[in-house]
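Structural characterization, general
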Amino acid sequence: KINIFCTHKKSAFIHFQKIEHPSAHFGRHEFQVNRTMFKVSQAALAAALSISIEAASSAGCYPAYSSSSTYSSGSLVSFNSTNYECVHNHYSVWCTGHQPPGEPGSHATVAWLELGPCSGAQDPPAPTSKPTPPLVTEFGGACPAAFAPGTEYAAGDRVERNGFVFECRGTADNANWCGAEGYEPETGMYWENAWKIMGTCRGLLPPTASPTIDPDAPGCPPVFDQAATYKSGDRVSVGSLSYECKRYPWSAFCGLANFEPGSSNSDLGWILLGSCDGTLAPTTAPTLDPNSPGCPAEYSPDGDYQAGDRVSVGSTVYQCKTDGNSPFCLAFGPEHERGGSLGWEKLSSCQGTVAPTAAPSFDPATPGCPESWAEGTPYQAGDRVSVSNSIYECDALYHAHCTFREPGTVPDDESWNKKGSCEGTIAPTATPTLDPASPGCPASYDPSTPYAGGDAVEANGLVYQCRTDAYGAYCNAGPEYAPGSPNSDRGWVKLGSCFGTIAPTSSPTHAGPDSGGCNHPWRESDLESYAAGVRVEYNQFLFECKSDVHLSKYCKDGSYGPNGMYWDMAWNKVGWCDGTLAPTKSPSSTPSVDPSTVPSAGPSLEPSGKPSAGPSAGPSDAPSSKPSAEPSEKPSLAPSDAPSSKPSAEPSEEPSLAPSDAPSELPSDRPA
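Residues numbered from 1 in each chain as written. Predicted model: local features only at pLDDT ≥ 70, side-chain atom pairs only at ≥ 80, totals over all residues. Heavy atoms only, no water.

1. Thoughts on the side chain of Ser266
Residue placement: Ser266 occurs in the loop between β11 (241-245) and β12 (270-275). Among the residues examined, Ser266 registers a relative accessible area of 7% and is labelled buried. Here the side chain of Ser266 touches Gly262 through a polar contact of 3.1 Å, landing on its backbone nitrogen. (Helix = DSSP H or I, 4+ residues; strand = E, 2+ residues; numbered from the N terminus. Buried < 20%, exposed > 50% of the residue type's maximum accessible area, 1.4 Å probe, protein only. Polar contact = N/O pair within 3.5 Å; in protein donor to acceptor, adjacent residues only side chain to side chain.)

Listed below in structure tokens is the structure:
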């Protein structure tokens, strides 16, 4: 196939793409370039065009495609004056029954390769066959092992595919694509980057010298059966060749038609192991070892299997894997077609049943089964229960689920850890001795009491302690989080059981102020007044706003008040108090000698004996009793009732409304 890219200069670029066309005299071994572009002159371009046109015009039409015919790799047909070839890969199975060229996305588009237009009679003489590469003489022309997808090949490795020998390119020091998807020999566009065709071959590699019979070496496995179901690892024989079904997901091909061992598509699901002769040699008669177990319990889909558990299917022993894939043992049986090998490992064959162990001797120090799991019980980390003669321990990290999740019912459950099997009940301990120095039960839990980290309470004969971390806020979250409730473990830690009451301690030190009373009660209406060091009362307890410059800001937020869940982020619980603060002393009867640095909020009832050091911000509502020492800068809005004691420096611009009682001392500068 030749693509010509014209340019503005007197030259062009020709792009060769190698396609095996029987009418063109280019053998597959003559070209080593694929999709190569190079510059040619006008003369070379004309010659190339003449070759291309001659090759295209001389192509006759192959036999017409027929829907009733069977086609395989390399089959040649024509349709609508165009020649097609059936591809040389696993898509060739669709050449039969799928007419070329096909609609976009149909099977025909990947099964048939368009070779180009053709002309002539409907059934012209067959074109010359494509040249056959020379026979590889190494090993007498025998074929190496067939190519197997997914196999890692090294540089220089040789494989066989469709009767041709291919050698892996590259060097030992550089990575190659010989085993990568999309680079299979004669498949796709880039396979020649990975493989080099060496020639043809026939038959299998010649046998080596007569082998010595090894009683431990198997003969031919069972003959392949089209009606049977095969899974990964199963071995079969076809003729004198043995095959093994590939691992999942390729194992899905092992039971499909057109993918039988030895067929053109065999390598998709089967691995060719080699030649075989006869049948598998029987093993020697087993000797019974009384210390060796027989078959373990038969596999059950309802079983609760853990890592290391062994089961039997028929006379085959399987063990649940211990590499982290044990959850698959609960999802798939050992012989499940696709999932069996994910969680189970085949160990050996077995016969009979596991030999019974010696009669157990009772060890009074070994406990029997703990109490059975009961939904709703507030289990804590480390608590042990029994379910169906198995012991489970509540996990330290996921203990919150132990109350609601029954052990063994959830695959890969992290809340309960299986510790072993048990029988009977735990032996009773010795009668406890009463220690008068041991405390009894603390005060019973009261939902109206505010609790702080470390506080201990009693509920139903059990002692609980309020957590000292941030989760301690749940201790004051209400009855839903009370000790012994389903949510108890959020804020409370179960310490153990108790009996009686705690011996009284010495009288507690009063934590209130020196006066013995309580501070002003906490109110949401006073939030803005709360700052670091401020103390308030709530439920007869004293709380002090934290001194931290950041945490003290939460005291102004009602969500962090002493009545909420997160009070300890803003307040410190100081102690208890009762009553009210004692009043302060009566005020003094005489004023202080020195004035205060800040003026009072309101005026005093009587004026002071001395004027203030500076004028007031605004005039007083009534005139002062005495005139000021200096005149004001601006005249008053209205004249005074009496004349001033001294004349003004200049006469007024207008005459007065009434004459003065006495003449002026000096005459005016101009007559009236």
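2. Section: the packing of aromatic side chains
Evaluation of the coordinates by the stated rule reveals 26 aromatic pairs. Residues Phe328 and Phe332 carry aromatic rings whose centres are separated by 6.4 Å and whose planes lie at 25° to one another, so their mutual orientation is stacked. An angle of 50° between the planes, with centres 6.4 Å apart, marks the rings of Tyr560 and Tyr566 as tilted. Take Tyr566: its relative accessible area is 39%, and that puts it in the partly exposed class. Chaining the aromatic ring pairs together yields one cluster made of Tyr65, Tyr71 and Trp112. (Phe/Tyr/Trp six-rings, centres within 6.5 Å; stacked < 30°, edge-to-face > 60°.)

3. Focus: the sheet that holds strand β24 (residues 571-576)
Strand order in the open sheet formed by 3 strands is β22-β23-β24, with antiparallel pairing between adjacent strands. Across the chains shown, the open sheet's two edge strands, defined by having one partner strand only, are β22 (535-538) and β24. Mean inter-strand twist for the sheet, computed between neighbouring axes without regard to direction, equals 30°. Summarising the sheet, strand β23 (residues 541-545) and β24 pair through 5 bridges and their orientation is antiparallel. By the bridge assignment, Phe543 is partnered in β24 with Lys573. (Pairing = 2+ DSSP bridges. Axes fitted to C-alpha atoms, helices over the stretch in contact; angles between N-to-C directions.)

4. Section: the confidence of the model for the chain
Confidence along the chain averages 74 in pLDDT terms, with 67% of residues attaining 70 or more. Averaged pLDDT values over the elements of the chain bottom out at 41 in strand β2 (residues 11-16) and peak at 92 in strand β19 (residues 456-459). Note that residues 283-292 has pLDDT below 50 and, in this model, 1 contact with residues that lie over four places away or in other chains. Contacts for the low-pLDDT stretch residues 357-366, under 50 throughout, to residues beyond four places or in other chains number 1 contact. (pLDDT = per-residue confidence, 0-100. Contact = heavy atoms within 4.5 Å.)

5. Let's talk about the pattern of salt bridges
Counting across every chain of the model gives 8 salt bridges. One salt bridge connects Asp234 with Lys231, and the closest N-O pair in it is separated by 3.7 Å. Between Asp383 and Lys494 there is a salt bridge; the shortest N-O distance is 3.8 Å. With Asp383 in the loop between β15 (344-349) and β16 (384-387) and Lys494 in strand β21 (residues 492-497), the pair connects residues that are 111 residues apart, well separated along the chain. Assessed through its relative accessible area of 27%, Lys494 is described here as partly exposed. Residues joined by salt bridges that share partners form a network here, namely Arg158, Glu167 and Lys196. (Salt bridge = Lys/Arg side-chain N within 4 Å of Asp/Glu carboxyl O.)

6. Some points on unusual backbone geometry
Across residues other than glycine, the phi torsion is negative in most instances, and most of the peptide bonds are trans. Between Pro100 and the following residue, Pro101, the backbone shows a cis peptide bond with an omega angle of -5°. As for its position among the elements, Pro101 is in the loop between β5 (82-86) and α2 (108-111). In this structure, Gln540 takes a positive phi of about 65° despite not being glycine.

7. Some points on the environment of Gly517
If you trace the backbone, Gly517 turns up in the loop between β21 and β22. Overall, Gly517 belongs to the buried group, its relative accessible area being 1%. For the pair Gly517 and Trp576, spaced 59 residues apart in the sequence, the C-alpha separation amounts to 9.6 Å.

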